[in-house]
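Chain and residue survey
For reference, the chains in residue letters:
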Amino acid sequence: MAQLSWRGRTADEFRRVISVRVRELRELGEREDAVADLLDRVADRVEQAA
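Below, the structure is looked at part by part. Counting starts from 1 at the beginning of each chain's written sequence and moves along it residue by residue. The predicted nature of this model means local features are confined to residues of pLDDT at least 70 and side-chain atom pairs, given and counted, to a pLDDT of 80 or more, with totals for whole chains, interfaces and linings taken over all residues. Processing note: side-chain calculations cover all non-hydrogen atoms of the structure and skip hydrogens and water entirely.

**Some thoughts on helix α1 (residues 11-49)**
Owing to its 3.6 residues per turn, the α-helix aligns residues three or four sequence positions apart on the same side. The terminal C-alpha atoms of α1, which comprises 39 residues, lie 57 Å apart, in line with the 57 Å expected from a rise of 1.5 Å per residue. We call a residue buried when its accessible area falls under 20% of the maximum for its residue type, exposed when it is over 50%, and partly exposed in between, using a 1.4 Å probe and counting protein chains only. Helix and strand definitions follow DSSP, with helices as H or I runs of at least four residues and strands as E runs of at least two, each counted in order from the N terminus. Looking only at α1, the buried set comprises V17, V20, R21 and E24. To estimate the expected span of a helix, count its residues, drop one, and scale the result by 1.5 Å.

Laid out in structure tokens, this is it:
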């Protein structure tokens, strides 16, 4: 993540920071979904092999 602060000195800077945070949260959510899908596939394979 770029910065830990949500504060900006101006309204434009604040909007830019919020925009970056929203994008980072979306990307994190996408990665989390991908990991969950992978773990589901692994669990299915383990179950089939058992």
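**So, the pattern of salt bridges**
By convention in these notes, a salt bridge is any Lys or Arg side-chain nitrogen within 4 Å of a carboxyl oxygen on Asp or Glu. Throughout the structure, instances matching the rule amount to 3 salt bridges. A salt bridge links E24 to R21, with the nearest nitrogen and oxygen atoms 3.1 Å apart. Linking E24 with R21, this pair stays in helix α1, spanning 3 residues, or about one helical turn. Residue class for R21 comes out buried when judged on its relative accessible area of 5%.

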